[in-house]
Each structure stands twice: as structure tokens, then as C-alpha cells.
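Analysis of the macromolecular model
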Amino acid sequence: MRKRGLSVVAAALAAGGCDYVAAPDPLEPDPDVVSVAIVLAAGESEAFLLAGHPHRPPTHPPPEVSATLLGPGWEAAFSDTTDLEEGCGGGPTEWPMPMVCLRAPLPEPIRERAAYRLDGRAPKGPFTGSTVVPSAPGILFPADTFRLSATRNTGNWSWMPIRYHTPDDVGTLRGEMLAVVGDSTGTETEWIRVWPPDLDVTATADTLYIDRDERLQRGWLRLVGIGWQYTGFLEASEKHGRRPSFGIEGEGVHGYFDGSAKSRTVHVIVGDEP
Amino acid sequence: MMLTLLALAAQQTTVTGVVRDSIGLEPVAFAEVRVSSAGTATLAETGFSDRFGAFAVPNAPTGPVRVEASALGYAPWSRDYDEPPGEPLRILLQPSAIELDSLRVEPGGRRGDPISVSRDAFVVDPVQIRSLPAVLETDVLRAIAMSPSASAPSDFVSVPFVRGGTSEGTPLLLDGVRLFNPFHLGGFMSAVNAEAVDHATLLPSSGPGAEHVGSLSGAIEIVTRDGARDRHRVAGAVGLASSRLSVEGPIGGSASYLVDGRRTYIDLLTRGLHRVGAIPEHFPYRFHDLHAKVTKDLGGVRRLSVTGYLNSEGIQYEDSAGNSRVLFDWGNAAVAAHYRDRVGSRAFLDATVGHSRFVNDFLGLEDLNWPPVDTLIAGGGHMTEDRADVRVTWHAAHGAVAAGIQAIRFEGDHDYGWSEFAEILAPLTLRAAQWRIGGFINVARPLGGAWSTRAGVRADRFPGLANTLSPFAELSYDGSWWSARISAARSHQAIASLRNEESIGASFLAYDLMAPVERGPVPRNTEMSAGWEGAWGASRLRLDAYARRMEHLRLPPVVGDPLKETTLGEPALRMLGSGAARGVEASWSWARGSLSTVGAYRWSRATRTVDDFTFVPRFHRAHEVELGLALETGSSTWSARFSLRSGQPVTPLLAVIPAGRHVSGGSNYPRGRGIVLGGDYNAGRLPRYLRLDLGWRRRGDAARSGERFFAPFVSVNNLFSAPNVLVGNVRINTLDTRDGAVRVEREYLPQMPMLMFFGLEFGF
């Protein structure tokens, strides 16, 4: 009986023994992980996929990723490699990692509220994705044109009141403005900063601050609505419990797959009415 | 069954009495008393003394009898009587060195064997407490954590969590009254002076043996010593952080007193070191505790004792420029009175009344002038418990019956209007009180052969909330050298904690703010357990398996990072949740010559479920091994404590993935924004925990034999400075150059490093 008792203890200790052997550190970053970022822009006839090795130095080669976008009745392969800034410029190209921007020419423009899927393969295996492109947000005010005072309100900023409508399928709402700037030597266009970086999707009005210098002559401002999968991804660091899907599933592949849609544009003119 | 027992009882003789130490006249608990027919020793009945030294041996033989008593650390006692004595006996046991099956027991003390005296519990006495290396001081709660049922959530918190439950479900009772937050230094050391402890009992179950508590996860019952009745004695200790002193002695011929206190000098020490430039900051922290007990022996088993307890802690801080002031004060006070009498020839009556109050008062100002520029923290509150408890334990010829009634009122009043210490305490306002009127009865009786059973039920009324019924049943078998049992129990508790055990602060602070459950359902625990124990000579092994489910718990939702979770507060965010735990425990004790060992191993699984999300709580460890060794050489006692535990849960890192803005024009993330993607919550495991403590002390056994003694002690904790960790976290270190990789840095908060403690115990 004594032997049996000791055997039970020994068995229990042996069963737990693996616990006491140094296990891999669960916080150790896996260098083979691949990041994937795709946001399909409604109205565009091409799609871009940014893939990278986020845990490797940028001098390393980018991951070998192949993927196909499946739209309503069609398939389009991400067959081209394009310039990072040109193709994936809105994506996380500032992150210092080996990365590649893949382009897929599409047979038709991306549609709002349409479902898209993704089939791909990364070094660790296949991955899939699915998303529904959200509806476009609406600008209720200003109307077609808004006139900014020639003098800036504060520092480099001029502000513009805005009222807007956010569809339920939009989780992130941002403003963007293409400006015409110039002086006596000529003009050019450039994207300028709009603040706040994110508008409250539960609100209906706010004030936009436009980062401008004295060269601003006019511009076009619009709102971009991005879906909830991307929004959930941005909040993922704070959510350690149940986590929503970010649109990408696959061994060793993490990131987001979502869509965006743009509002109408408001023509912004600098200077008082003549 | 009760009527049968009553009828049988009328035909039997019951021998009752009290077992006491022959020198100090203090009660001797867990003594075995045997009444046998003088003619034939085979006709014998046995009883055991309770925590007040009282015993009852029913069904004693008629005619000439021999009464024998024995207890570890005492010489055997026997007397012959012509008839079984009708009046209570007074058995005085003489401390003596004895040899029992190779177990050497020194005069003046039992060698601690926490699993030998009660099958329901893990019992530590001063010998066991001193047989472990001191952590700052000898500490009763750290000794209890040797039990396989108990697990301290970190090196910094001495409060044990029991069988997958948390501290609010395991009340600590001092002489029958509940103490709230009975510890100092955030929970690092208990606030019950080891000098005053007679023994401390960990009840790991809420079933057999703990029915009178009515909690979710058992209880810790600390019984303090009666004062010596032979002469006045002084004992104490001088340690690194505090000193303690106890004075005890007789009051007249039948009463005794014990007064003991402790005061830290951390504030004085750090002030002095700061003044001479040895440390950069003065740590203005202070604590003291005071305990007093008066016991009146009313003859036979009758006695009356009154216990008073007071502890206080605080930090009073002003910055060097006089620009801010923080005043933290907290502490508790308790008083309990216990009366024991005999009812008829076979029953004991115990009546206890008690009051306990924990108060805290926080004020932090940004400016010393009035009005202050800013308020850092402001608030305070209290927790109060008043209780009255009457219990009758009736020793029948074939079994025993215990019945009692209780009235308990708990009040929680917390008002923290502002706090910039958001990780510790969130603003909250809560004031509520709850009555609990309860009654319980349990019966223990043999079934024939080696089988016996215990069963009971507790009924509680929580006015305005619910009525609850908490039954338990146990079936046991006693073999010649082993015994086994199986039991099932249910218990309820209408007090909930405001702690969030998922926060990192919970690993450093044991303090709890509790509140009555104001709306149903009442939290409840349902458990099943099976146990086996055996003894061979000086070796003893106990095995237990249990499975339990805790329902209707009030838990915070799991949303965030342990480093950002608030430790206390946000009662409005509490949700109905549940918990489950199951495990296998083994504990053993062994002694030969001057070497003794106590050990424990535990495997368990624990989960919590909140909002349909199930996870492993952060305090849980799947495997734990504890081993305590004590070796006596000459006038020295060497001790070691070895701990090997699997790592605590941590959410594994899947990846750090960059996010883009996906709009044109000026990025708000100049170097990109990294999103730390964790895997399943708490699905990973931190590195294993390994620790070896060593201790040496000069033996102070002369204390109880009345001699003057000085016993220095030294201990080294975490001898090899093993890098045990409490929590892990990932931090992104973004480099400025485009060519450099983003560094994902892993941060680990360490447990206790190698530390040395020393001090001197004395007595005269």
C-alpha cells in the first residue's frame, strides 16, 4: 500500500514535471509572423495588399505572399508588385520591416456593402479573409462649398464646422483634404493634415481643423469611413478578452482586411467672398 | 436520528474535562483522552480535546476505569478511578521529551505536524511557524501557505487563496471574530503577532468542519493563547522592520492575561538613512498592532475570554518642496468575547459575540496651502461586522451533534470621490448593510464496522435578499492505519469583493474592500471532495481530490491589460460570473531524530467565467510543490523552505502588427502604429517559479519551561535570487532610423529577489 501511495505521488509529480521544465517564453516574438493589411476602397478598380515581416529588421527580404481577391462573381490575383508609397501609401509603410506591396487589378470597381473574400498563402501556410465594404458616410454641412477665412484661426490651423452622418457599418471616420497650394511661381496639389485624426462615429457634428500655410488656395475635403474590422484591430491592444475578427485568419498571418468608402467632397476656398 | 441518539445517551456515562499545560495552565488542544475499563484495556473509548482544551468521552465503561491522556510534546498522563468521574476532570500534562515511533518531541512544544491533528484542516502551531525560514518575521499566514490547498498570489502577498477561490471567500477569524485586511506592508506580512498565536487552522472546504463559518472558500481560524497562569512572562522579538513584545501572567488564581504588540520603525529607519544621504527618499510608512486577551477559568470546562485587537497603518508624505501632501491611514479594530459552559453532562455550550471594524481615510493634496491646487485622492470608508454566535456541541454515546444559531451584520461604506491612483483605486461610492440570520446543525455518528458519517445543514436568511440552504454530507471509512472519505457540500456568502484579481496591483496589494450583495442571486459554492490519509510511524500522507463550482460571483469584465486594470473599485461594472476549480492535493509529514519535514504538492485547474467568457485567472498556478525541512543540531535549528511552482498565466504574444491610416494626408503615426496582438487570454504561462529560503535560529525552547532565553534568527529568502516573475508585458520600442527594426521588448515584473532578514527573539 505504501508503494502504491508513493506511486500515485510520483505519477502526479511526473505529470506535472513538464510544467517545471523551462517552456518557450509566450512573449517571445515569432520572426516568421507575417502582417497583412488590406483596405478595399469603394469605387477603385484596383486593390493593394501590404505584407511584411513585422518582427524582422527591414534589411531582411520581405515575405513571399500570394493572394487572390474574390469579388461578386470574379477573382483577381494580387499579381503585381508596386511601389510601397504609391500603392500602399495609406498603409503602414512607415513601419520599419521588410515589406512588399501587391496590387490586384480588378474587373470592376469595389462596391459599397458588397462582400469580398481573400485566399492567400504565406510562409507558414494558407490564410483567408472576408469583409463587407461599408457604406459611404455623408457630409450634411457644409454644402458644396465652404469658404475659409484668409487669416488662420490659430497657429497654422483654420477650422471648419461640419455635420455628418455615419452609417452603422462604419467604425472609423476620418477626414482627408487634397489642397491646391501655390504662389506667384505656380501651384501644386498636396494632401494636408486634418484634425482630429478620428471623428466620433456616434456624434453628428464636430469642428475640423485644417493644417494650412499661407500658400493654401483651395482644396477638396471629404470623409472616409472604414469598417469595423479595421476599427477592432486598432483597439486590439486593449482587448485581452474575447476579440472580434479583423478579417484575416491563418496560421502565422495577422492583420486586417476591411473596406472603406468616401463621402462627397466639399470644395474649400480660401478668402472672403468677393 | 437525533431521537435515537438521545435515547442511547441516557444509558451512558460521559467523562468530560479540560486538558492543560501543567506549567502555564494553558489549554492543550488536540490531546487524546482515553477512558478504559481498569480490568480490560480493550473496552476503551476515546475523545480529543478541542481548541479550549475541553474534551468529552461518551459511552465510558462502568466500574473502575483508567483515564489516560497524551499529546505531542507532553508526557503521558493516567489516573485510575473507582467509577467514571461525573465532574469535569482537570488533566495537567507535563511538558516532556518523549519518543513516539521515532518522532522526537522536545519539551515545551509540539513539533509541528499540520496534518496530524484534524482531518478537516491544516493546522499550524508556533513550532511549525518557527520551523520555516522567516520572511521579515515569523508569519502565521506564510506558514499556512504550506498547505496544498492554499496558494499565495505572489511573494508580496501573504494572504493565501484557497482551492481556486479568492480571499474574500476565505475569512480570517481571530478568536471567533472576523478581521478585515489583517496584514501590513500591503499584505507582505500578517498583522497577527506570531507571539500570540496558539494555532492557526486552514479549513479548505466550506463543508465538514466549516459549516459554522458560512463562506465560499473555507476559512482561516486563528486561536490566540491564553496567558500563562503560573507567573508573569515577557517575550518578544527585535527584527529588521519591527519589534514585538508580549507580556502575560496570572490574574488572581483563576484568570490570566496576554498583551502583545508590535511597532515598525521603517519610517524612523528610512528617515535616518535619508538624512545621512544613504537613500534618496524617506519612506514615511508606519504600522503597529496590539492584541490583548483576558481569560477567566470558571471551573471545569467553563471559561470566559475577551479578546481585543487593534492595528493601524499609514503613510504621511510631503514632498521635499512642501508642494504636496498625502495622508493615508487605515487599520482595524476588533473585540470578541467567548463563553464556554457545560450543558448537562455531555454537552458544551459556546457563545461568542464580536465586533470588527476596518477604517481607511485617504487624502492627497497637490498643495499644502488652502485651497489646494489639486486633489490627488480623497475618500475613505469602513467595513464593519457585528456577530453573535451560540453553539451547542453534544457528545452522545454514538456520535456527536452540534447545533448553533448566528446573527451577523456586515456593513460596507466606501466613498472615494477622486483618485489619481487609477490603477489602484477607482472613484466609487457605495454604502450598504446586510444582515445574516443563520442556524446550523450537524450530526456525526458511526454506521457500523469502520464506517461513519457526518451530515448537516445550514439555513440562512439574508433579509431583503434571499433565504438559502447549505447542506453537506460525508461518508468515511477508518482502517487500522488509514482512513478515507467522500463528501459533498454547498455554501453561500452574501459579501462580494471589489478587487479585480486580473490587475497587476492585486499581486502587490492584498487589501480588499468588500460590499454586501444587494440583489440576488447570492453567491454560492458547490463542492465534492474525496480524501485518503495514512500514517506509518512518524510518516503521514494525506491525499485529497476536489471539484467545486462557484456561482453568482460578482466579477469585473475582462477587458484589458493587467498593467492597466484597476485593482479596487468600479462596483457598477461588476457582472454575474462564475468560477470552477478542481485539483488533487498531497501533503505529507515525516520526522526522524532531529530532522523533520512537511511537504505539499498540488495540481489544480481554476477558471472564471464572466459575460460568457471563460478564462484562467491570473493568480492561478497549475502545479505547486512546497517542502519545509527543519534540522536541529545542538542549540540551533536550521530550516529550509523550497518552492517550485508552474508559472502564472499570461496572455501570449501573437504578433506586433503595424496599422496604417488608410486616408491621405499627414499620418498621425509617424513611425507607424504597432498593435500588440495577444493570443487567447491568459493561455500562456510565465516561466516557472523556483525559490529556496534558508533559516537559522537559536532554539528558544526554554520560553515555555520558564527559563530566560535569547534566540537570534537569520534567514535568506530566494537564496539563488531566482528570477521569478509576476507578470509579463510587451513594449514596443520604435527606433528613429528607418533601417532599424522595431524592437519588441519584453518586460517582466520580478518577484522577491534575494533578501536577508535577521532578528532576535527573547523571553524571560
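Everything numeric here is computed off the predicted structure, so don't read it as measured data. The residue numbering used here restarts from 1 in each chain and proceeds along that chain's sequence as written. Chain labels run from A onward and ligand labels from 1 onward, assigned in the order the entries are written. Side-chain atom pairs in this predicted model are given and counted only at pLDDT of 80 or more, local residue features only at pLDDT of at least 70, and totals for whole chains, interfaces and linings cover all residues.

When helices and strands are tallied, chain A shows three helices and 19 strands. C-beta atoms are placed from the backbone for every residue, and two residues are taken to be in contact when these atoms lie within 7 Å. Of the contacts formed within chain A by residues at least 6 apart in sequence, a portion of 72% connects residues at least 24 apart. Every helix listed is a DSSP run of H or I at least four residues long, and every strand listed is a run of E at least two residues long, numbered separately from the N terminus.

Secondary structure assignment for chain B yields five helices and 49 strands. Going through the 764 residues of chain B one by one, you find that 52% of them count as buried. For chain B, long-range pairs separated by at least 24 residues make up 64% of all intrachain contacts whose partners lie at least 6 apart in sequence. Three exposure classes are used, all based on how many other C-beta atoms lie within 10 Å of a residue's own C-beta (placed from the backbone): buried at 20 or more, exposed at 12 or fewer, and partly exposed between those limits.

Turning to the nonpolar core, a few remarks are in order. Within the largest apolar cluster, 83 residues are counted, with the highest numbers of intra-cluster contacts made by B:Val140, B:Ile144, B:Leu174 and B:Ile222. With residues near it in sequence (within four places) discarded, B:Val140 still touches B:Val124, B:Ile129, B:Ser190, B:Val192, B:Ala194, B:Val197, B:Ala200 and B:Ile222. With 81 residues, the next largest nonpolar core counts A:Ala41, A:Leu221, A:Ala236 and B:Ile675 among its residues. By our criterion, buried Ala, Val, Leu, Ile, Met, Phe, Trp, Tyr and Cys residues that link up through C-beta atoms within 7 Å make up a nonpolar core.

Attention now goes to the sheet that holds strand β8 (residues 125–132) of chain A. Residue and element names in this part refer to chain A. Note on pairing: two strands pair once DSSP finds at least 2 bridges between them. With respect to topology, five strands assemble into an open sheet ordered β4-β3-β7-β8-β17, the strand pairing being antiparallel. What marks the edges here is a single partner per strand, and that holds for β4 (74–77) and β17 (248–250). Ignoring strand direction, the axes of neighbouring strands in this sheet form an average angle of 20°. As paired strands, strand β3 (residues 66–71) and strand β7 (residues 115–122) are joined by five bridges and run antiparallel to one another. Residue pairing in the sheet places threonine 68 in a bridge with aspartate 119 of β7. For helices, the fitted axis covers only the stretch in contact; all axes are lines through C-alpha atoms, and the angles between them, taken along N-to-C directions, range from 0 to 180 degrees.

Turning our eyes to something else, we now look at the sheet that holds strand β5 (residues 65–70) of chain B. The strands that make up a sheet pair up through hydrogen bonds in the backbone, lying either parallel or antiparallel. Residue and element names in this part refer to chain B. The strand order across the open sheet built from four strands is β3-β2-β5-β6, with neighbouring strands paired in antiparallel fashion. Looking at strand neighbours, the two that pair on one side only are β3 (44–48) and β6 (77–81), the edges of this open sheet. In this sheet, neighbouring strand axes are inclined to one another by 15° on average, regardless of whether the strands run parallel or antiparallel. The sheet contact formed by strand β2 (residues 32–37) and β3 spans five bridges and is antiparallel. Looking at the pairing, valine 35 lines up with glutamate 45 of β3.

Another point: the pairing of strand β49 (residues 755–763) of chain B. All names here are of chain B. In this sheet, β49 lies alongside strand β19 (residues 233–239) in antiparallel orientation, the contact comprising five bridges. Looking across to β49, one finds that glycine 239 is bridged to glycine 759. As judged from the nine bridges shared by strand β46 (residues 709–717) and β49, these two strands associate in the antiparallel manner. Looking across to β49, one finds that phenylalanine 710 is bridged to phenylalanine 762.

All names here are of chain A. Sheet topology places strand β12 (residues 172–183) next to strand β16 (residues 216–226); 10 bridges connect them, and they run antiparallel. Bridge assignment links threonine 172 to a residue of β16, and that residue is isoleucine 226. The antiparallel pairing of β12 with strand β13 (residues 186–192) creates a hairpin that spans two residues between the two strands.

Another point: the confidence of the model for chain B. All names here are of chain B. Here pLDDT means the predictor's own confidence in every residue, given as a number from 0 to 100. For chain B, mean pLDDT is 86; residues scoring 70 or higher make up 89% of the total. Note that pLDDT drops below 50 for residues 98–110; the model gives that stretch 40 contacts with residues more than four away or on any other chain. At the level of chain-chain contacts, confidence expressed as ipTM amounts to 0.89, with global pTM at 0.85.

Moving on, we come to unusual backbone geometry. Cis geometry marks the peptide bond from A:Phe141 to A:Pro142, where omega comes out at 5°. For the bond running from B:Gly520 to B:Pro521, omega is 0°, close enough to zero to count as cis. Of note, B:His552 is a non-glycine position whose phi angle comes to about 60°, a positive value. As for its position among the elements, B:His552 is in strand β35 (residues 539–555).

Residue and element names in this part refer to chain B. With respect to the helices and strands, the residue isoleucine 251 is situated in strand β20 (residues 242–251). Each C-alpha atom of the pair isoleucine 251 and arginine 229 lies 7.6 Å from the other, and the pair is 22 residues apart in sequence. Every residue in contact with isoleucine 251, bar those within four places of it in the chain, is listed here: Ser256 and Tyr257.

Here we come to the confidence of the model for chain A. Detail in the predicted coordinates should be disregarded across regions flagged by low pLDDT. Residue and element names in this part refer to chain A. Averaged over every residue, the pLDDT of chain A is 88; the share at 70 or more is 89%. Taking the mean pLDDT of every element in chain A, the minimum, 52, falls on helix α1 (residues 2–20) and the maximum, 98, on β3. For the stretch residues 15–21, pLDDT sits under 50, and the model shows nine contacts to residues farther than four places along the chain or on other chains.

In this section: the environment of A:Arg243. Residues and elements named next belong to chain A. Relative to the helices and strands, arginine 243 resides in the loop between α3 (228–234) and β17. Take arginine 243: there are 16 C-beta atoms within 10 Å of it, and that puts it in the partly exposed class. Sequence-wise, arginine 243 and glycine 71 are 172 residues apart; in three dimensions their C-alpha atoms are separated by 26 Å.

So, about the environment of B:Ser507. All names here are of chain B. Note on placement: serine 507 falls in helix α5 (residues 505–508). What makes serine 507 buried here is the crowd of 24 C-beta atoms within 10 Å. The sequence separation of serine 507 and valine 727 amounts to 220 residues, and the corresponding C-alpha distance is 9.1 Å. Setting aside residues up to four positions removed in sequence, serine 507 forms contacts with Pro153, Ser154, Phe156, Val157, Leu726 and Val727.

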